Amino acid sequence: VRDGYIADKIEESFANLKISHANKAEYRAWANSLMYMRNAIDDEEISDDCKLAIEYQIPLTSKRVDFLIAGTDEFDNNNVVIVELKQWETSEPTSRADIVKAFTGGQLREVTHPSYQAFSYAETIKNFNEAVAEEQINLIPCAYLHNYREDLRRNIDSTYYAEAIKTAPIFLGTDAAKLRNFIKQFIHKRSGKDLLMTIE
């Protein structure tokens, strides 16, 4: 990330795994969003050898999780933090509790609230994966909208979406320190188990 070729590395991995990928918007999102994630986890209390996954495809589904970080907390619990990343600057509320309007794919669309999306990924992994229960791996979802305008916070981070946000906290552009502290509650050092490969 620091040297500016993370998006190329991800695209190269897609090619090596024979996964079709020709989405320039997604390429730009990797370059942009992962810079913000790097800053969020660049902390001496988060060990450099904690495992990460980017664009993790949940087995038996077409769902891809933007970012996972795995490790243990101060009590040696095995944790995986799931981060849904969005480049949105704005959004509009709708009359449905888990749906917002956001500019994506070249137009304003009704889409799932990022917190609900992160939560649904965690639930899907749990439901598909016996090892999560057997190995006592805790999945902790959240959402990070690093470009989002603070003056429009009420449109995305409000009591109307409280249930989704309670299960998967949302962090906006000015919340980098809060996101860092949230991650540090669960991730301090590398687990003795390879948690991501256990899930895989």
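Residues numbered from 1 in each chain as written. Predicted model: local features only at pLDDT ≥ 70, side-chain atom pairs only at ≥ 80, totals over all residues. Heavy atoms only, no water.

## Some details on the sheet that holds strand β3 (residues 78–86)
Taken together, five strands build an open sheet; the order of strands is β1-β2-β3-β7-β8 and the sheet is mixed. At either margin of the open sheet sits one strand with a lone partner, and together these are β1 (51–57) and β8 (170–172). Strand-to-strand twist of the sheet, defined as the mean angle between neighbouring strand axes without regard to direction, takes the value 25°. The sheet contact formed by β1 and strand β2 (residues 64–72) spans six bridges and is antiparallel. Opposite K51, over in β2, you have A70 as the bridge partner. (Pairing = 2+ DSSP bridges. Helix = DSSP H or I, 4+ residues; strand = E, 2+ residues; numbered from the N terminus. Axes fitted to C-alpha atoms, helices over the stretch in contact; angles between N-to-C directions.)

## Looking at helix α2 (residues 24–41)
Under the 1.5 Å per step criterion, the end-to-end length of α2 is 26 Å for 18 residues, consistent within 8% with the ideal 26 Å. Every buried residue of α2 is listed here: E26, W30, S33, L34, M37, A40 and I41. Those residues of α2 hidden inside the fold are in contact with α1 (6–16), β1, β2, β3, β7 (137–145) and α6 (176–186). (Expected span 1.5 Å × (residues − 1). Buried < 20%, exposed > 50% of the residue type's maximum accessible area, 1.4 Å probe, protein only. Contact = heavy atoms within 4.5 Å.)

## Things to note about the environment of Y161
Position of Y161 among the secondary structure elements: in the loop between β7 and α5 (162–167). Of the residues examined, Y161 reaches a relative accessible area of 1% and is grouped as buried. Distance in space between the C-alpha atoms of Y161 and V81 is 21 Å, their sequence separation being 80 residues. Those residues in contact with Y161 that lie beyond four places of it in its chain are P93, T94, R96, A97, D98, I99, V100, H113, N155 and I156.

## Comments concerning the sheet that holds strand β5 (residues 99–104)
Sheet strands pair via backbone hydrogen bonds, and the direction of the pair is either parallel or antiparallel. Here we have three strands laid out as an open sheet, ordered β4-β5-β6, and antiparallel in their pairing. Each end of this open sheet is capped by a strand with a single partner; those strands are β4 (92–93) and β6 (107–112). Pairing of β4 with β5, which is carried by two bridges, proceeds in the antiparallel orientation. Residue pairing in the sheet places E92 in a bridge with K101 of β5.

## Some details on helix α3 (residues 114–128)
Taking 1.5 Å as the rise per residue, α3 with 15 residues should run 21 Å; its terminal C-alpha atoms sit 21 Å apart, in good agreement. Those residues of α3 lying buried are P114, S115, Q117, A118, S120, Y121, A122, T124 and I125.

## Points about the nonpolar core
Membership of the largest hydrophobic core comes to 25 residues, with the highest contact counts inside it found for M37, I69, V81 and I183. Contributing elements (two or more residues each) for this core: α1, α2, β2, β3, β7 and α6. Looking at this core element by element, the count peaks at five residues for α2. Listed in part, the 17 residues of the second largest apolar core include Y56, V65, Y121 and V132. (Core = buried A, V, L, I, M, F, W, Y, C linked by side-chain atoms within 4.5 Å.)

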